[in-house]
Amino acid sequence: MAIVLSIDNLSKKYGSLKAVDSLSLQVEEGSIYGLLGPNGSGKTTTLGMVLDVIQPTGGSFSWFGDGISKATKQRVGAILETPNFYPYLTAKRNLQVIADTKGADHQNIAKMLDLVGLGTRSNTTFKGFSLGMKQRLALAAAMLNDPEVLVLDEPTNGLDPQGIAEVRDLILRIAAQGKTIILASHLLDEVEKVCTHVAVLRTGKLVTDGPVGNILSAKEQLIVSAEYLAPVLQLLERLPYIAQFAQEKDYVILTLQEGYSSTDLNRDMFAQGVVLSQLVARRKSLEKQFLEIIKS
Amino acid sequence: MNLLRTEFRKIFPYRTFWIILAVYVLLLLLILYTSSSIQINNKALGDETFQLPGLWMRLTYVAHFFNLLLGILVIVLITDEYSFRTIRQQVIDGLSRAEVVLAKFYVVLALAVFSTVFILVLGLYFGLVYSSDKSMQALFSQIDYLPYYFVQAVAYMTLAMLFAFIVRKSGLAIIAFIAYTKIVEPLIHFNLPDHIDKYFPMKALDSLTPMPGQDLFGQLTSPIEQLSPAMATLPALLYVGLFLLLTYAVLKMRDL
């Protein structure tokens, strides 16, 4: 897979505050890459830097293997923070201004307005739009010249449940066309539902990254019990892939290191002559995992 | 030129733009109309004011006061881009910082063309109606004040543009622009000898449209040393270049 965006040791300092601290990550072509982190963790600053509006203090990045230029910008459609349009211009005229800048075909304007469900509102001024309509207009603007990559910053922020569902559905439909999507969000649920890959940020630092399945779901808890717990505990001490374990009444709660599953544990227990009476895999709630990830 | 077309797309439906432009046009018309109907010693002042070929000098001198209004218009158009955050979006969408500056400079040029043509039309109208000498010679012999006025208008608006990009808030930028042109620089002039301060931006720019009858005035008091319009053109153009470079440097250094 080709690398669409490569970030290498990128940093941004505001005085003594490190908004982004030596961040490195790579976005592969065709992935839906989530930047996940609480408010103020450096998601927007990171996107601002790779989109040429914030000057990095250190480090570098490249789009499609090149530096940022007019040519690379035209392959990327992006929304940063709030939808930014001229309030006194109609939806159509706003998109005309953007089509000029992007060198996009003006015939796409009507098509994109239809795609985001604003076809009948093309002559309404931007200031008359609801927040949901503004977000959808921003999506239409980002997709105006059919870019290979979409960068979306909190695209469902402030929307009602129906609006959120619509935008997510739209993102998945766009991704199904083979486009790469980079999505910043503080909503775990959103990243889990939409993204294929995720990078978790905390105070500007990369906490962890990888496929969503590995980061958010693999660390399941196992609950084991046996007739006699003593040999189980002894064995758990020695097994190298046990991340942690703790005895609770008549059972043991444990977590495994990445890449191991309950099958491995069961096999090794049996090989050592320990027969488990219970082996339950329990997924931790996503929120709990997320809080653990950003706390540790 | 595509940049200018896009700027026009943003500006033409914008009511604030037309209001400021209308105020500019109406104030200029009002001043000329008033001076044409004032009677001094049973003689209409207009008869004096609108005599060709001196009309062009008097007209551009009057018009130069209104450059401030054009500057404010430019400040409004630029600071709007900051408050709507559209400047950021345009850079994301593909403009370089140099193109952002260039696009606004094209607007400055377009506004200067507009005001110069407007003054040309005013001059032709009032000259042909009120002047006793309506010959081609009288009409065009001193029309070089118009290109001087054009350079002056461009330079004033480019300075306004620099203030807008530095300050980014419309109210503060307008105050800074007026404070600099009308208070700060005159105070500096006050403390410097004429042969140095005549090259200062505001003084050099104002030399492009000299005050009518200043020679006479100078004979009565001590003569004021200032550049002739022809001599002031090169410094004025250099200032335009300097303001543009500074604007670009400010954009380049800062986050959007």
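The structure displayed is predicted, hence computed values, not measured ones. (Residues numbered from 1 in each chain as written. Chains lettered and ligands numbered in written order. Predicted model: local features only at pLDDT ≥ 70, side-chain atom pairs only at ≥ 80, totals over all residues. Heavy atoms only, no water.)

A. Local environment of a nonpolar patch on the surface. Where nonpolar side chains cluster on the molecular surface, the patch consists of Ile19, Val23, Leu27 and Leu30 of chain B and spans about 330 Å² of accessible area. Its location among the elements puts leucine 30 of chain B in helix H2 (residues 15–37). (Patch = residues over 30% accessible without salt bridge, like charges linked within 9 Å, V, L, I, M, F, W, Y side chains within 5 Å. Areas by Shrake-Rupley, 256 points an atom, 1.4 Å probe, with all protein chains shown as cover. Salt bridge = Lys/Arg side-chain N within 4 Å of Asp/Glu carboxyl O. Helix = DSSP H or I, 4+ residues; strand = E, 2+ residues; numbered from the N terminus.)

B. Just the packing of aromatic side chains, in detail. Across all of its chains, the model carries 22 aromatic pairs over all chains by this definition. With centroids separated by 5.0 Å and ring planes inclined at 75 degrees, the aromatic side chains of phenylalanine 17 of chain B and tryptophan 18 of chain B adopt a geometry described as edge-to-face. Given a relative accessible area of 41%, tryptophan 18 of chain B falls into the partly exposed group. One aromatic cluster in this structure is built from Tyr86 and Tyr88 of chain A together with Tyr14 and Phe84 of chain B. The lysine or arginine in question, lysine 134 of chain A, covers the ring of phenylalanine 126 of chain A, its NZ or CZ lying 5.1 Å from the ring centre. (Phe/Tyr/Trp six-rings, centres within 6.5 Å; stacked < 30°, edge-to-face > 60°. Buried < 20%, exposed > 50% of the residue type's maximum accessible area, 1.4 Å probe, protein only. Lys NZ or Arg CZ within 6 Å of the ring centre and 35° of its normal.)

C. Structural detail: the environment of leucine 172 of chain A. Residue and element names in this part refer to chain A. By the secondary structure assignment, leucine 172 is in helix H6 (residues 161–176). Overall, leucine 172 belongs to the partly exposed group, its relative accessible area being 39%. Considered as a pair, leucine 172 and glycine 34 are 138 residues apart in the sequence and their alpha carbons are 13 Å apart.

D. Expanded view of the domain arrangement of chain A. The domain boundaries assigned to chain A delineate domain 1 (3–210) and domain 2 (218–295). Averaged C-alpha coordinates put domain 1 of chain A and domain 2 of chain A at centres separated by 40 Å. (Domains from an automatic or database assignment.)

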